[in-house]
Amino acid sequence: MMTRKELDEIPMVFIVGKGRSGTTLLQTILDAHPDCIIPLESRLIIHLKSRYRHVKKWTPGLIKSFYNDLFSDLKFSTLWKVDKDKLLSDLLSLGTDADFASLCKVVYLNYKSVFKKDKIRLIGDKNPIYTVFIPELLEIFPGSKFIHLIRDHRDNIHSHMKVFPIKNVAFLASKWVFFNERVEHQKRLNPGTVLSLRYEDLVANPQKHLKEICEFLGLSYHPGMLDFHERMNDGFSYIEPFVKKFHANIYNPVNISKVDEWKKGMNEKDVVTADMIAGRKALEYGYHVGKRINMLQSERSYTSFKLFIWLRFIKAYYNMPLPVREAATGVFKMIFGKDYKKKKELFTSDKDDKG
């Protein structure tokens, strides 16, 4: 296992932006690089930071608590392949040299990628929710870089509505604006740490933009990244229902089939609503929108208020002490037990206990 010094020398990259913007596609492509590891989505950093971020003296018992608490995150426990015994051993090997950042990196390095790895020079994480936690991520992992993926607001909304229960176009359009503006704010505060890229440009000319991404991340370009789809059928068989429901496109070569899907899948009323709320921002990113982009003030004010409340809730939730958060989650399971069980079953199939 690596020493604390070796772990500190491995930089981090975070893929951020509004969900359904191609972040999973880019995560999969970069994970196919032999010098980079980017696991499936898990919120382990913000899940554990309230309890462990400021620990100064790590003991074997505390490291074991960190390890046990990892598995209370649903996505980690169901989507990640790890050898549990090896993970615990690697965590304990850091001993008193451990800190929160190095322990997190050990967890990432224990992810069983479907792609062959050489020497890991970069660790990554893809989480749309991390868009609102960029300051915290920079505090924990100084020098981190961020790849900001942007997608046409109408395709983003259409994709979200196909797979998730929220169908409120005004809310989704406002959230698209909100997420992109959050990244841009951090981009102004931390020049050189964020690379913004449109999904449509990535899929239209993947080699060109992957070379730009690799240069930004300090990696050599590896053509095999574009062959990622060849490993999907056997690589994610243990969570196939989840992957095929939410991320079916990673089973295919990079293509433009998902570009402009909104033209066939959204009605005129929804398109007008999306354009009137997100159109001005979309124009800044070079998207063509209709002439009716005067903001819907009442809808915008209402959805902005809901987003403000949502952000405060998310921040408050992940800043709660972990036992309090687990108790709240327990209440949620009691109230919405059937829905929670269905969600967990979607993530899992027959899976070995050790991943």
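Our structure is the block above this text.
Residues numbered from 1 in each chain as written. Predicted model: local features only at pLDDT ≥ 70, side-chain atom pairs only at ≥ 80, totals over all residues. Heavy atoms only, no water.

## Brief notes about the nonpolar core
In a soluble, globular protein the nonpolar side chains are often hidden away together inside.
Thought 1: Among the nonpolar cores identified, the biggest contains 111 residues, and Ile45, Phe66 and Trp80 are the most heavily contacted of them.
Thought 2: Broken down by element, the residue count for this core peaks at 10 residues, all from helix H10 (residues 169-189).
Thought 3: With sequence-adjacent residues up to four places away left out, Ile45 is seen in contact with Phe14, Phe100, Cys104, Tyr108, Asp125, Tyr130, Leu137, Ile140 and Phe141. (Core = buried A, V, L, I, M, F, W, Y, C linked by side-chain atoms within 4.5 Å. Buried < 20%, exposed > 50% of the residue type's maximum accessible area, 1.4 Å probe, protein only. Helix = DSSP H or I, 4+ residues; strand = E, 2+ residues; numbered from the N terminus. Contact = heavy atoms within 4.5 Å.)

## Considerations on the packing of aromatic side chains
Thought 1: This structure, assessed with the given rule, holds 20 aromatic pairs.
Thought 2: With centroids separated by 5.5 Å and ring planes inclined at 75 degrees, the aromatic side chains of Tyr52 and Phe66 adopt a geometry described as edge-to-face. Within this pair, whereas Tyr52 is found in helix H3 (residues 44-52), its partner Phe66 is found in helix H4 (residues 60-70), the two being separated by 14 residues in sequence. Each member of the pair, Tyr52 as well as Phe66, carries the same accessibility label: buried. (Phe/Tyr/Trp six-rings, centres within 6.5 Å; stacked < 30°, edge-to-face > 60°.)

## Notes on the pairing of strand S4 (residues 145-150)
Thought 1: Counting buried residues in S4 gives 5 out of 6 residues, a clear majority hidden from the surface.
Thought 2: Bridging between S4 and strand S5 (residues 194-198) involves 5 bridges; their strand directions are parallel. Bridge pairing in S5 places Ile147 opposite Leu195. (Pairing = 2+ DSSP bridges.)

## What to know about H4
Thought 1: Looking at H4, one finds that the buried residues are Ile63, Phe66, Tyr67, Asp69 and Leu70. Around the axis of H4, the buried residues are gathered within 170 degrees of arc, so they sit on the same side. (Arc of directions from axis to C-beta.)

## Some details on the sheet that holds strand S3 (residues 122-126)
Two modes of strand pairing occur in sheets, parallel and antiparallel, and in both the strands are linked by backbone hydrogen bonds.
Thought 1: Reading across from one edge, S2-S3-S1-S4-S5 is the order of the 5 strands in this open sheet, with parallel pairing throughout. What marks the edges here is a single partner per strand, and that holds for strand S2 (36-37) and S5.
Thought 2: Where strand S1 (residues 12-16) and S4 come together, 4 bridges link them in parallel fashion. Paired with Val16 across the two strands is His148, which belongs to S4.
Thought 3: Strands in contact with helix H2 (residues 23-31) are S1, S2, S3 and S4; relative to S1, the strand with the most contacts, it is inclined by about 155 degrees.
Thought 4: The sheet contacts of H10 involve S1, S4 and S5, and relative to S4 the element is tilted by about 150 degrees. (Axes fitted to C-alpha atoms, helices over the stretch in contact; angles between N-to-C directions.)

## Topic: the pattern of salt bridges
Thought 1: A full pass over the atoms with the stated rule returns 19 salt bridges.
Thought 2: Among the salt bridges present, the one from Lys126 reaches Glu41, with a minimum N-O distance of 2.6 Å. Of the two residues, Lys126 is situated in strand S3 and Glu41 in the loop between S2 and H3; the sequence distance between them amounts to 85 residues. Grouping residues by exposure puts Lys126 and Glu41 together as buried.
Thought 3: Here the salt bridges do not stand alone but share partners, grouping Arg4, Asp8 and Asp99 into one network. (Salt bridge = Lys/Arg side-chain N within 4 Å of Asp/Glu carboxyl O.)

## Observations concerning a nonpolar patch on the surface
Thought 1: On the surface, a cluster of nonpolar side chains totalling about 310 Å² of accessible area is made up of Phe305, Phe308 and Ile309.
Thought 2: Assignment of secondary structure puts Phe305 in helix H17 (residues 297-319). (Patch = residues over 30% accessible without salt bridge, like charges linked within 9 Å, V, L, I, M, F, W, Y side chains within 5 Å. Areas by Shrake-Rupley, 256 points an atom, 1.4 Å probe, with all protein chains shown as cover.)

## So, unusual backbone geometry
Thought 1: Of note in the backbone geometry, Arg20 takes a positive phi value of approximately 75 degrees without being a glycine.
Thought 2: Note that Arg20 resides in the loop between S1 and H2.
Thought 3: A relative accessible area of 17% places Arg20 in the buried class.
Thought 4: Residues other than glycine seldom take positive phi values, yet Asp260 does so here, at roughly 65 degrees.

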